Every structure is written in C-alpha cells, then in structure tokens.
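Remarks on the overall topology
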Amino acid sequence: MTTAASNRALLEVDGLDVFLGESHILHQVSFQVPHGGITALLGRNGAGKTTTLRGILGLVDRRGRVLLDGEDVTATPTHDIVRRGVGYVPENRDVFSQLTVQENLRLAERVGGQLRYDLVYELFPRLKERSGQRTGTMSGGEQQMLALARALLNSGNKLLLIDEPSQGLAPNLVREVAVALERMAELVTTLVVEQNLSVIRRIADQVVVLDQGRVVHAGPAGELFDDPALTQELLGVSHGGRVRSSTPQQSNGVER
Amino acid sequence: MTTFLLLTITGLGLAGLYFLIASGLSLIYGLMDVLNFAHAAFLTIGAYTSWVVASQMSGGIPVTVVFLVAMVAGILVGTLSAVLMETVLVRRLYGEHVGQILLTVGLLLAITALTRAIFGSDPLTMVVVPPWMNEVTVVFGAAVSNSRFVVIAAALLVYIGLMAFLKHTKYGLVIRAGVENRSMVSALGINVGHAFTLVFAIGGALASLAGILTGAFFGTITADRGTSLLIFAFIVVIVGGLGSIRGSALAALVVGLLQQYANYYGIIGMGDLIVVALLAVVLLLRPQGLLGRAVA
Amino acid sequence: MSTTVRWIGAGVLIALAASVPLLHGEIPYVFNGALSSPGVLNLLALMLVFGALAVTYDLLFGYTGLLSFGHALYFAVGVYGTAIALDTFELGLVGAVLVVIGLGVVVPTVLGLICLRVGDIAFAMVTLAFAQAGAIFVARDPFKITGGELGQALAFRQLPAAFVGVVNTRNVYWLALALLVFVYAVARIAVNSPTGRVWQAIRENEQRVEVLGLRPASYKLVVFVLSSFLASLCGVVYVLVVGGAHAGIMVSTFTLMLLVMVVLGGAGRLWGAMLGGMLYIYLDNRLGELSTQPSLQDMPALIRVPISEPTFLLGLLFVVIVLFFPGGIAGSLTKRQLPLAGPLRRLRPPAKSTMNPDGSRR
C-alpha cells in the first residue's frame with residue numbers, strides 16, 4: 001500500500017462498513033485515491049465495488065469516514081458532497097428516460113465553474129444529434145455516453161466516480177468508452193469500477209482490489225497487471241477478458 | 001339530447017374538480033411516495049377561509065371582487081398550510097412511508113373535525129359567489145349553470161400552467177426527474193427536499209382552489225366534502241398514473257364523464273360503482289396506471 | 001409474567017368485568033351514572049365491541065403489516081348482514097348469525113384473493129376501493145334493503161326477548177364481553193402459533209420468508225380472512241348494542257378510525273389494540289357529552305370548541321403519537337421497542353438501489 005501522505009490524496013476512504021439489512025457488505029474498507037489519473041476499483045461480482053461507490057456518496061448507510069480533499073464529508077448529505085465537485089456515473093446509468101438528452105444535461109448543470117458543452121459534444125457527438133430525443137428510446141451505448149457526459153459537464157468536478165461504464169456494450173462501443181475515459185481522466189481524477197480488464201489495464205494508474213467486501217490488494221496498476229499469477233489469483237483471469245464470477249474454490253483460494 | 005349535454009358539461013365540471021385535486025396529489029405521491037390523505041384538508045381550508053374572508057368584507061364592494069379576494073385568500077392560506085405541514089411534520093418521517101400515511105390520516109381527521117367544531121356540520125351557503133355564476137346559459141337547448149364553465153375554465157388554465165411549469169422551468173425539470181428517480185437527482189447535487197416542499201405547496205394551492213370552486217359548483221360547502229371527493233381523486237391519480245399530469249387530466253375526464261353517464265343511464269349509483277371498480281381493475285392489471293410509472 | 005399468573009390475571013379481569021352490571025356504584029366524572037344503569041352499560045358494551053374490533057385490525061396491520069383501508073367493509077357485513085337477515089328475510093337471530101358466519105368467510109376469501117395480488121400501497125388503495133363500493137351500495141340501496149343513508153332499525157320482533165329492551169341492556173353487555181373474550185382468545189392463540197410467527201416475519205421482511213421456502217401469499221390470505229371474519233362477528237354484536245344499522249360505519253373515515261385506535265393503543269400488541277379501541281370510544285363519547293354540559297358553556301371558546309368535536313383531539317393525539325410515540329400507549333408503558341416500527345418500516349419504497357443484499361447487481 002502506498003504510504004503517500006493523506007493530505008495528498010483527493011479521496012480517502014477509512015474503515016468503511018456497510019450493512020444492507022442484516023448482511024455485512026463492506027468490512028473496514030480503506031483506501032486512497034491520489035490526485036490525478038485513474039484509480040481502478042476491481043474485484044469479482046459481489047465483491048462490493050458498487051456498494052463502495054455508493055457508500056462514498058452516502059447513498060447507503062455506512063460507518064467509517066470519507067474524506068474529500070482533506071475534508072470529512074461523512075456526515076454530509078449526498079447532494080452537498082456532489083456539489084463539492086463529484087461526478088457520479090452509476091452502474092445502470094440512471095438517465096431519466098422521460099426527459100430528453102438536453103434536459104438530462106441541463107439537470108446536471110451546477111453553478112461554480114464552467115459548463116463544458118463543447119467538450120461534451122466533441123467527445124460524444126451523437127448526443128448533440130439526439131439532443132431533443134427522449135433518452136428512454138436510446139440504446140444502451142448512447143445512454144452510457146450521456147451518463148459520462150453528465151459527469152464531465154461541470155468543470156468544477158474534481159473527482160469522477162464511474163461504475164462499470166463498459167458493461168453490456170458491444171465491443172466497438174467499449175472502445176469508444178475507453179477512449180472517452182482516457183480523455184476524461186486527463187482532466188479529472190477518476191475512480192472507476194471496471195470488470196473489463198482489456199479496458200482498464202492500459203489506462204489505470206492505481207488499483208484497489210476488493211474481495212467479499214474487503215480490500216485485498218492496493219497499489220500501482222503495473223504491479224498487478226505485470227504479474228499474471230497475481231492477476232489470476234485476485235481476479236480469476238490471466239489476460240484481458242472479464243473478471244470471472246467467484247466460485248467456491250476460487251474464493252477459498254483468495255482468502256487471506 | 002339536452003340531457004346528454006347537461007350530463008356532459010356537469011361531468012366535465014366534476015372532471016375539472018377532480019383534476020385540480022388529483023394533480024397535486026399525483027405529484028406528491030409520484031415524487032415523495034407519500035399518500036397524502038391530508039390533501040382533502042387543504043380543500044376544506046381553502047373553502048372555509050374564502051367563506052370567512054368573504055363574510056368579513058362589508059357590503060359596498062362588488063361581489064365579483066369579493067369573490068376574487070376570497071379566492072386568493074383561500075389559496076394563500078391553503079398553500080401556507082401545506083408548506084407548514086410538509087416542513088414541520090411530514091419531513092420528520094422521511095423514509096417511513098406508513099408513518100407518513102398515518103400522519104396525513106391523523107391530520108385529515110383533526111382538521112376536518114376542527115372545521116366541524118368551529119363552523120358546525122351544516123352546509124354553509126357560499127354567499128360570496130357572484131350571481132352571474134349561478135345564472136344559466138343556454139347551450140344547444142340545455143340550461144347550464146355558469147359555475148360549471150368557470151370550473152372547467154379554471155381546470156384548463158391550471159393544466160396549461162402546470163404543464164408549462166413542468167416543461168420549461170428548472171424546478172419543473174427537477175420534479176419530473178425526481179418522480180422517476182429521486183436518488184439520482186440527489187446524486188446530481190440537487191437538494192430534493194426543496195422539491196418536496198414545492199410539490200406540497202402546489203398541491204395545497206390547487207386543492208384549496210378546488211375547495212372554493214366546489215362551493216361555487218355545489219352551492220354550499222361542508223367539512224366532509226373534501227373527504228368524499230378524495231376517494232375519486234385517488235382513483236384519478238391511480239388510473240392516470242403517478243406523477244403524470246397528462247394522465248391525471250385524462251383519467252379525470254374518464255372518471256367524471258363515466259360517473260355522470262352511468263349514474264343517469266344505468267341504475268342509480270352505478271356510476272360511482274363503475275368508477276370504483278375501474279380503480280380496482282387498473283390496480284390489479286396495470287399498477288402503473290394509464291401513463292405513469294409503477295405504483296409499488 | 002409466567003403463564004399461570006397471566007391466566008389468573010385474565011380470569012380475574014373477566015370476572016370483574018362480568019360483575020359490572022351488578023354494581024350499583026358510581027364513578028364520578030368517569031361515567032355519567034351508576035355502573036349498572038343502561039346508559040353506562042351501553043357505553044361499556046360499545047367499548048367492548050370496539051376493543052374486539054381493534055384487536056381484529058391489529059392482526060392484519062399490527063402483526064402482519066398489511067395496511068388495509070377497507071376493514072370496515074367486513075364489520076359492515078356483520079352489521080348489515082344481521083339487520084337484513086332479520087328484517088328482510090326474517091331469519092331470527094341464530095339464522096342471522098349463521099348467514100354472517102357464511103358471508104364472513106366467503107367474502108374476505110374472494111376479496112382477499114383479489115386484493116392481496118398487489119403489494120403495500122396498491123393493496124391499501126384496492127381495499128379502500130372495495131370498501132367504498134360497499135358504502136355506495138349501502139347508501140344508494142338499489143334493492144331497498146339497507147335503509148340507505150338513514151340506516152335501518154333492528155327488527156326487534158325477530159330477536160330473542162333477552163336482547164330486547166332497555167332492561168336487558170345487561171344481557172347485551174354480557175354478550176359484548178363474551179365477544180371480546182372470544183375474539184381476544186382466538187387472536188392470542190393465532191399470534192402465538194407458528195402461523196402467527198410467520199405473519200410477524202412477513203411484516204419484518206417478506207423476502208426473507210420466501211427465501212425460507214414459505215409462501216407469504218397463503219399466510220396473508222389466512223390472516224385476512226380470519227381478521228375479517230372476526231370483524232363481522234363484532235358487527236353482529238354491534239348492531240344489537242346500537243339497535244340498528246346505519247351508514248356511518250361505511251364512511252371511509254371509519255377504517256381510518258380503526259387505524260387510529262390500533263396505533264393509539266399500540267400496534268402489534270393485542271392488549272394494546274384492545275385498550276386503544278376502548279379508550280377511543282370512551283373519549284369520543286365522554287368528550288362529546290362533556291361539551292354539552294352547562295358548566296362547560298362558560299369556558300372560553302378555545303377550550304369548548306375543540307372538545308365538542310372529540311375527533312379533533314383524537315386526531316391530534318394520533319399525530320403526536322405517530323411522531324413521538326410510535327409504540328402507542330402499550331409501547332410507552334412496556335418500553336419494549338416494539339412494532340409501529342415494524343409496520344412503519346415495511347412500506348419502504350421498492351429499492352431504487354440496484355444492489356442485492358450480497359452486493360451483486362440486481
């Protein structure tokens with residue numbers, strides 16, 4: 001684990017515990033996201049990655065601490081955390097299907113900073129074409145573009161939380177998403193959950209690996225991806241491809 | 001033919017009243033998941049406030065002015081009550097849906113009873129209604145009370161206004177999005193609590209307007225009118241779909257007209273029964289109503 | 001409290017209650033007259049009936065978490081069923097009771113199968129719709145049997161002499177007491193049974209019940225039919241106490257009143273609900289009487305006016321309880337953090353979250 005001084009981390013998660021009903025989903029999850037670049041949150045299905053992102057924003061009840069740019073936001077309501085400069089792209093996109101593309105973007109606008117419509121339309125030209133279309137009638141790929149665009153729109157965003165942007169998309173769209181991700185990460189620090197290793201291995205700077213609600217590995221991306229045995233052990237795949245769901249044998253093997 | 005016309009216009013008038021009550025209810029339930037029984041209380045508050053204001057105004061003033069002033073007063077007090085109710089009471093039970101329903105039930109009972117205690121159980125004549133409203137206009141041979149037209153016109157204006165508000169203002173956008181997915185709206189940095197207060201205010205304003213208009217429509221006001229209209233408003237909300245203004249308008253038309261026709265052309269009481277049956281049928285077959293999102 | 005103590009305590013209470021018509025003493029302020037007087041006995045009988053009715057509603061709402069807005073319908077089946085059986089069909093009391101028993105099982109079974117197909121708020125609305133349909137039927141009276149909005153006096157000729165006439169109020173009182181004991185006993189046995197435990201599990205977390213391999217739908221139907229059936233029995237006794245059927249019980253606010261009673265007393269505790277029912281009726285009656293007393297006419301309007309409409313104070317009390325004392329009276333007395341929390345939690349909106357409890361995506 002890098003021991004970068006915490007005041008250099010943009011996001012610090014400290015001892016996060018999340019319970020859903022009576023299930024203990026996250027166990028003392030702690031990690032940091034440094035300023036700049038892409039930090040990838042990895043792990044098998046059910047490892048708790050989405051819950052972690054939701055926990056950071058306070059969308060689920062959690063214990064522990066969350067610090068954004070040194071400031072403790074644990075008790076802050078979700079909308080206030082977001083106003084401090086966080087862009088969120090949820091797992092199932094959550095675009096408002098009854099609203100048009102333009103209205104979806106308008107809703108995402110925040111004061112304090114510029115609205116980067118030029119950049120958004122440059123990266124996602126199809127959104128400009130479909131500006132007046134109801135998003136419910138758009139394809140999954142187009143909705144994903146919109147969800148990413150929403151997060152990119154505000155120049156005031158210092159952190160992007162992105163949950164499985166390539167999921168369910170055809171391969172050519174996956175590539176587009178990867179390209180968009182890289183561009184976005186040049187501008188804004190990004191914490192991305194991704195199961196598609198072919199996308200993430202090239203662009204991630206840091207990785208945090210979860211298994212069954214616990215952090216089992218954290219460090220520079222190269223450390224993990226250059227080590228096929230480690231990659232296999234932690235994520236169940238050797239090279240490219242998607243992280244396989246855990247089977248009883250595999251999870252036993254990873255128990256530390 | 002004249003009977004049919006009379007029935008139709010009365011039906012449209014009732015539809016207008018139902019729409020005024022149901023539209024606010026629909027927004028509140030659509031956005032907040034709160035089944036607001038106290039909505040009927042806003043109607044009562046609006047009606048009785050306007051009665052009080054009108055009776056206080058001295059004789060020299062033209063009746064139409066008195067009516068307008070009383071109406072504005074009723075709407076203001078109704079809106080204020082709604083805002084107070086949401087911020088002081090309903091908000092405390094955020095997330096507890098049964099608790100919120102129970103709260104609104106208790107408030108409805110209390111406010112209705114208090115009104116009865118202060119004003120008595122007998123119907124009060126709406127002395128404030130301008131005489132031209134009670135006069136009759138002959139339309140294709142049918143003599144229709146002008147109050148019907150006033151109600152229909154008011155409902156139409158409100159519909160246009162609401163749709164414009166929802167489509168063209170930022171808060172309208174927030175409400176439309178929130179009806180679909182409240183937590184995502186928060187995740188975009190917007191404080192949904194403000195939207196909650198706003199829909200309660202809108203609901204209160206519209207319901208209290210409906211209260212005054214029922215006084216014009218029926219000629220009298222009673223403490224129980226709100227409660228008896230509420231069930232039909234619920235039917236309109238469910239059939240029309242939660243959070244959908246267009247749906248509420250459509251459903252109001254269906255319910256209002258169907259009720260009139262069936263009550264007259266069928267056995268007495270059949271219209272009410274059919275409408276109630278419609279609610280059950282829609283809930284069982286298509287819980288999301290004609291146009292709106294899923295109920296539960 | 002051990003079971004034996006409980007049994008003895010219950011026996012003592014019942015014996016005490018049964019002896020009331022024989023007591024000629026007065027409790028000043030609490031009751032207006034001697035305990036054995038018909039007026040007081042009538043009020044007490046009413047309290048007992050509603051105590052029982054509240055218990056039946058508690059089974060549905062307090063224990064299983066089913067928020068029904070149509071419970072009054074089954075009470076009405078008992079009330080109007082009896083009145084019509086006696087008057088129109090001249091069946092005599094035994095016949096009337098048999099009719100009610102039949103209806104009291106068939107009607108909720110049929111309606112229950114329909115209403116329980118949907119969950120939570122939709123269920124509340126559907127039950128309200130059916131109750132409203134019943135109210136319309138009674139008020140419009142298409143077959144001329146219900147007496148419409150004016151109601152219908154009981155056909156006294158058809159009743160056994162023991163229940164007719166003011167002198168026999170004590171018999172009606174004892175009947176009401178028997179009803180309460182019966183309903184309470186049945187309810188107590190039911191909630192302590194394995195079935196009863198499933199009901200409470202359904203209230204807490206219906207998904208869990210499914211996961212355990214049980215079918216919540218059949219358990220919900222059972223409690224629906226049982227509580228409705230018992231409610232219709234209450235209706236039979238009610239019509240004897242009051243002397244007739246009237247449309248006031250069909251009004252939508254009636255079931256709301258039941259809700260208030262149960263929450264006031266303490267949802268999820270039988271004795272709490274019973275207490276709530278009895279207290280509500282008592283306050284409703286006594287406060288109404290109080291407001292017409294001469295001594296009160298001198299009081300400032302601020303006090304006099306609210307008391308004249310007891311529902312106002314009761315509604316206010318209800319609001320206070322929902323906000324600050326969700327356990328009701330029973331909850332506050334026993335300090336165990338019990339159930340309004342349960343039924344309150346149940347109607348969380350369907351998860352906008354996409355997570356399954358184990359963290360995987362839905």
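Keep in mind the model is a prediction, meaning the values are calculated, not measured.

Rules used throughout
- Residues numbered from 1 in each chain as written.
- Chains lettered and ligands numbered in written order.
- Predicted model: local features only at pLDDT ≥ 70, side-chain atom pairs only at ≥ 80, totals over all residues.
- Helix = DSSP H or I, 4+ residues; strand = E, 2+ residues; numbered from the N terminus.
- Rg over C-alpha atoms; globule rule 2.2 N^0.38 Å.
- Contact = placed C-beta atoms within 7 Å.
- Domains from an automatic or database assignment.
- Nonpolar A, V, L, I, M, F, W, Y, C, P; charged D, E, K, R; others polar.
- Expected span 1.5 Å × (residues − 1).
- Buried ≥ 20, exposed ≤ 12 C-beta atoms within 10 Å, placed from the backbone.
- Pairing = 2+ DSSP bridges.
- Axes fitted to C-alpha atoms, helices over the stretch in contact; angles between N-to-C directions.

Let's shift gears to the overall build of chain B. If you tally the helices and strands in chain B, you get 12 helices and four strands. A compact globule built from 296 residues would reach a C-alpha radius of gyration of about 19 Å, and chain B, at 19 Å, matches this within 12%. Principal-axis analysis of the C-alpha atoms gives chain B an extent of 55 × 45 × 35 Å. Counting only contacts in chain B whose residues sit at least 6 apart along the sequence, the fraction spanning at least 24 positions is 77%.

Time to look at the domain arrangement of chain A. Residue and element names in this part refer to chain A. The domain architecture assigned to chain A consists of domain 1 (1–85 + 158–170 + 180–256) and domain 2 (92–155). If you look at the interface, domain 1 gives eight residues, while domain 2 gives eight residues. Looking at the side of domain 1 that touches domain 2, the element that brings in the most residues is helix α7 (residues 171–187), giving three residues. Grouping the constituent residues of the side of domain 1 that touches domain 2 by class yields five nonpolar, one polar and two charged.

If you look at the interface, chain C gives 45 residues, while chain B gives 40 residues. Looking at the side of chain C that touches chain B, the element that brings in the most residues is helix α5 (residues 120–140) of chain C, giving 12 residues. Here the residues of the side of chain C that touches chain B sort into 31 nonpolar, seven polar and seven charged.

With that settled, the discussion passes to helix α2 (residues 39–56) of chain B. Its 18 residues place the ends of α2(B) 26 Å apart at the C-alpha level, agreeing with the 26 Å of an ideal helix rising 1.5 Å per residue. When you tally the buried positions in α2(B), you get 14 out of 18 residues, the bulk of the element.

All names here are of chain A. Read across the open sheet, the six strands follow the order β6-β7-β8-β3-β9-β10; overall the sheet is mixed. Each edge of the open sheet is held by one strand with a lone partner, namely β6 (86–89) and β10 (214–220). On average, adjacent strands in this sheet sit at an angle of 15 degrees to one another, irrespective of strand direction. Alignment of strand β3 (residues 38–43) against strand β9 (residues 206–211), held across five bridges, turns out to be parallel. Looking at the pairing, Leu42 lines up with Val209 of β9.

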